[in-house]
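Listed below, chain by chain, are the residues.
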Amino acid sequence: MKTEPAPRPIRIAALYQFARFDDPASIKPDLSACMEKAGVRGTLLLAREGINGTIAGSDESIDAVLAHVRALPGCFNIEVKESRSDTMPFHRTKVRLKKEIVTMGQPDLDPLSGVGTYVDPQDWNALIADPDVIVIDTRNDYEVQIGTFEGAIDPETKSFGEFPDWFRAKRAEIEDTGRSPKIAMFCTGGIRCEKSTAFARSEGVEEVYHLKGGILNYLEHVPEQESLWRGECFVFDERVSVGHSLKLGDHSLCRACRRPLSREDMAHEHFVEGVSCHRCHDERSEEQRARYSERHRQATLAGSRGQDHIGRKDDIETDD
């Protein structure tokens, strides 16, 4: 009789919830203590508008932290996206206070009062195949470069804060052709679209849809042979990218600029492991590259001793 393989030991939970926290700073100490006691690593962001982040650990430790989070105001039904890994994808345990849990620069926007229409992954293909639907990838340019949906518009934004101005200009361009925008938006795990669709509706666009659970939910539930996704999906942890069924992707990470790198990128003359890639080589000074080189040397030495080097090594911080 065929035995099922043992599950990968590390459970990864990407979570977010828009909620109303009157005093996020008062939530931080107990949440930090819970994560430390459970031995969970990763980063959680707290703001007056809610909580966002990705954590990893054993099944028991993740259960303990999720129970604590679900007890926070408005978080009982928190959105959690889970996957598994053979190795720990984070180096540190952090809870950080922020102005926004995903930074759009629209402080008066309230996603709790008016997001777009959720679309399940199984219904997404039919929606975006409609020629009247304008499909928008709300992620940043470096994320879009390694994968996106067929036919989606890339705003080419460097940060989510650029999205409102881009959207207003794009909407005007569409309306100049005599069309009324019918928009479908998507992002990695769903949180960015909570804001982008709420923003679109606040701007007067009525027909706005977004992919429930984001790309990760789609890749998990839509068979590859039926998929309209092309490439890989950047994730904000040490896996760097995933593909269909959330299998580990082929991309690595530039430790200087935090952008994903393909095998071809790593063959470029300006790629130096831990120091630079072809995208950031001219963005950094010699002093910075020397500092990165020393950091990489220390990390390599720690690795040879079987230790984590966390002195100056930052985990990828989620923006989604």
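All of these numbers come straight from a predicted model, not from anything done at the bench.

Asker: I would appreciate a short explanation of the sheet that holds strand E4 (residues 79–85) in the present structure.
Answerer: Strand pairing within a sheet occurs via backbone hydrogen bonds; the two strands may be parallel or antiparallel. A sheet is described by the order of its strands in space; here five strands give the open sequence E4-E1-E3-E2-E5, paired in mixed fashion. In this open sheet, the two edge strands, each paired with only one partner strand, are E4 and strand E5 (93–97). With strand direction ignored, the average angle separating the axes of adjacent strands in the sheet is 10 degrees. As paired elements, strand E1 (residues 10–18) and E4 share seven bridges and run antiparallel to each other. Bridge pairing in E4 places Leu15 opposite Val80. Against the sheet, helix H6 (residues 191–202) touches E1 and strand E3 (50–57), its axis set at about 20 degrees to E1.

Asker: Help me understand the state of the cysteines, please; the structure alone is not making it clear to me.
Answerer: Linking two cysteines covalently via their sulfur atoms produces the bond known as a disulfide. Per the counting criterion, the structure on display carries zero disulfides. With no disulfide of its own, Cys233 lies closest to Cys187 among cysteine sulfurs, the gap being 9.3 Å.

Asker: Which parts of the structure should I look at to understand the pattern of salt bridges?
Answerer: Working definition: two side chains of opposite charge can pair if their charged atoms are close together. According to the stated counting rule, one finds 27 salt bridges in the structure shown. The salt bridge involving Asp86 is made with Arg8; its shortest N-O contact spans 3.9 Å. Of this pair, Asp86 sits in the loop between E4 and E5 while Arg8 sits in the segment before E1, and the two are 78 residues apart along the sequence. For Arg8, a relative accessible area of 39% translates into the label partly exposed.

Asker: Help me understand the packing of helix H3 (residues 121–129) against helix H7 (residues 214–221) in this model?
Answerer: When two helices pack together, you describe them by how their axes are tilted relative to each other and by the distance separating the axes. Taken N-terminus to C-terminus, the directions of H3 and H7 make an angle of 105 degrees; their axes are 9 Å apart at the nearest point. When the axis of H3 is compared with that of H7, the two are roughly perpendicular. Mapping the contact onto sequence places Pro121, Gln122, Trp124 and Asn125 in H3 and Asn217, Tyr218 and His221 in H7. When its residues are assigned to classes, the contact of H3 with H7 shows three nonpolar, four polar and no charged.

Asker: How should the nonpolar core be read in this particular structure?
Answerer: Across soluble globular proteins, you tend to see nonpolar side chains buried next to one another. Formed by 25 residues in total, the largest nonpolar core has its most connected members in Ile136, Phe163, Phe167 and Met185. Those elements that place two or more of their residues in this core are E1, strand E7 (134–137), helix H5 (163–175), strand E9 (183–186) and H6. The leading source of residues in this core is H6, at five residues. When neighbours within four sequence positions are excluded, Ile136 is seen to be in contact with Ile153, Pro155, Phe163, Trp166, Phe167, Ile183, Ala184, Met185 and Phe186. Core analysis: the second largest hydrophobic core is formed by 22 residues, Phe149, Ala184, Ile215 and Leu216 among them.

Cut-offs and rules
Residues numbered from 1 in each chain as written. Predicted model: local features only at pLDDT ≥ 70, side-chain atom pairs only at ≥ 80, totals over all residues. Heavy atoms only, no water. Pairing = 2+ DSSP bridges. Helix = DSSP H or I, 4+ residues; strand = E, 2+ residues; numbered from the N terminus. Axes fitted to C-alpha atoms, helices over the stretch in contact; angles between N-to-C directions. Contact = heavy atoms within 4.5 Å. Disulfide = S-S within 2.5 Å. Salt bridge = Lys/Arg side-chain N within 4 Å of Asp/Glu carboxyl O. Buried < 20%, exposed > 50% of the residue type's maximum accessible area, 1.4 Å probe, protein only. Parallel < 35°, antiparallel > 145°, perpendicular 65-115°, else oblique. Nonpolar A, V, L, I, M, F, W, Y, C, P; charged D, E, K, R; others polar. Core = buried A, V, L, I, M, F, W, Y, C linked by side-chain atoms within 4.5 Å.

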